[in-house]
Amino acid sequence: MSQMEYLLKYQQVDEKLLAIEKEVTGSQERKNYITTKNFLTQAPEKLTAYETRAQRMEKQVKALEDSYNELAETIEDFNNMDELVEDGADISYYKKSIMQIMDKLRGIKTEIASLQKAIADAGKEYQDFKKKTIQMQNLYNNDYQPTYKAYKAKKTEEMNAIKVQLDEIAKHIDPAPMKKYLEKRSERIFPVLCPIKTINKELRCSKCGMGFPISSLEKIKAGGVVECDNCHRILYTE
């Protein structure tokens, strides 16, 4: 067999390996495993974020309560309003001041109520997320992880058997073309090898339809490696 024939045989067996790799990547077992694993990896950070947010809002509530109490104490200074009037003070000025303080107090109470609701909502979100985290942990430990490990072990056994066949075929292929093939494979180019076809009396890559110079035929016939300028696959003549 020629080098190209061995390469084509290698690609034929390699296609079976690729099919299993794609099957594993797209399997529900792997999706379940990856989804729960990613969730559990991010869960501690999210739980901490909930706690930090709640603590920040509690500090805001405390600051607002302090401001409220200070303003409430200021109103007590107006308890001697009668004495101020008797001393000739401008009663309208003090009434205006009291109204302004009362408006501020109402505004602070509204902010406090809004923050307290936000804290309660955040607390519920935290508990819900914590509950979901526990559920995901149970699913991961008792179902998704062991199921995927068993599935992957089975598929790995199948892939290893194919790799043994590939290694045997590779013994008959020179290092340079084998290296070139594996480079293409690692770049997710498959099939790596494609025949040249005559389309409308012109030589073209059978995969992408790119034109192919006749002068390169001699290089292929001499055992050289020629790539398609467009899809970068290795070309050969049937």
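Here the structure is a predicted model, which means the values were calculated and not measured.

Moving on to the pattern of salt bridges. Across all of its chains, the model carries 13 salt bridges by this definition. Ionic pairing is found between Glu 23 and Lys 155, a salt bridge with its closest N-O pair at 2.9 Å. You can see Glu 23 sitting in helix α1 (residues 3-25) and its partner Lys 155 sitting in helix α4 (residues 91-170), a full 132 residues away along the chain. Glu 125 is the partner of Arg 53 in a salt bridge, and the nearest nitrogen-oxygen pair spans 3.9 Å. With a gap of 72 residues between them, Arg 53 in helix α2 (residues 28-76) and Glu 125 in helix α4 connect regions that are remote in the sequence. For Arg 53, a relative accessible area of 32% translates into the label partly exposed. Within the structure, one salt-bridge network assembled from shared partners comprises Asp 14, Glu 21 and Arg 185.

Here we come to the layout of surface pockets. There is about 200 Å³ of room inside the second largest pocket. Leu 18, Glu 21, Lys 22, Thr 25, Arg 185, Ser 186, Arg 188, Ile 189 and Phe 190 together form the lining of the second largest pocket. Looking at the lining of the second largest pocket, the elements that each hand over two or more residues are α1 and α5 (175-186). Looking at the lining of the second largest pocket, the element that brings in the most residues is α1, giving four residues. For the lining of the second largest pocket, the per-class residue count stands at three nonpolar, two polar and four charged.

With that out of the way, let us pick up the sheet that holds strand β2 (residues 202-205). Pairing in this open sheet of four strands is mixed, and the strands run β2-β1-β4-β3 from one edge to the other. Unpaired on one side and paired on the other, β2 and β3 (226-227) mark the two borders of the sheet. Pairing between strand β1 (residues 193-199) and β2: four bridges, direction antiparallel. Of the residues in β2, the one forming a bridge with Ile 196 is Cys 205. Against the sheet, α1 contacts β1 and β4 (234-236), and its axis sits at roughly 110 degrees relative to β1.

We now examine the side chain of Thr 36. Structurally, the position occupied by Thr 36 is in helix α2. The class for Thr 36 is buried, based on a relative accessible area of 1%. In contact with Thr 36, not counting residues within four places along its chain, are Met 136, Tyr 140 and Tyr 144.

In terms of nonpolar packing, the biggest core is built from 31 residues, with Tyr 10, Ile 162, Leu 166, Ile 169, Ile 173, Tyr 181 and Leu 193 touching the most fellow members. When contributions to this core are tallied by element, the ones reaching two or more residues are α1, α2, α4, α5 and β4. Considering each element in turn, this core owes the most residues, ten residues, to α4. Core analysis: the next-biggest nonpolar cluster, separate from the first, contains twelve residues, Leu 64, Leu 71, Leu 115 and Ala 118 among them.

What counts and how
- Per chain, the residues get numbers from 1 upward, laid out in the order the sequence is written.
- With pLDDT at 70 or above as the cut-off, local features in this predicted model cover only qualifying residues; side-chain atom pairs require 80 or more to be listed or tallied, and sums for whole chains, interfaces and linings still use all residues.
- Side-chain numbers here rest on the full set of heavy atoms in the structure, without hydrogens or water.
- Put simply, a salt bridge is a Lys or Arg side-chain nitrogen that is within 4 Å of an Asp or Glu carboxyl oxygen.
- By definition, any uninterrupted DSSP run of H or I lasting at least four residues is a helix, any uninterrupted run of E lasting at least two residues is a strand, and each is numbered from the N terminus.
- A 1.4 Å probe rolled over the protein chains alone gives each residue an accessible area, and that area as a share of the maximum for its type sets the label: buried under 20%, exposed over 50%, partly exposed in between.
- Cavity: a set of points on a 1 Å grid over the protein atoms alone where a 1.4 Å probe fits but cannot get out. Pocket: an open set with protein on both sides within 12 Å along at least five of seven lines, its lining residues, like those of a cavity, having an atom within 4 Å of a point.
- Grid points are joined across faces, edges and corners, and a volume is the space filled by probe spheres set on the points.
- As a working rule, the residues Ala, Val, Leu, Ile, Met, Phe, Trp, Tyr, Cys and Pro are called nonpolar, Asp, Glu, Lys and Arg charged, and the rest polar, with Gly in that last group.
- Two strands qualify as a pair provided that DSSP identifies no fewer than 2 bridges between them.
- The contact criterion used throughout is that any non-hydrogen atoms of two residues lie within 4.5 Å.
- Only the stretch in contact is used when fitting a helix axis, every axis being a line fitted to C-alpha atoms; angles between N-to-C directions are given from 0 to 180 degrees.
- Here, nonpolar core means buried Ala, Val, Leu, Ile, Met, Phe, Trp, Tyr and Cys residues that are tied together by side-chain atoms lying within 4.5 Å of each other.

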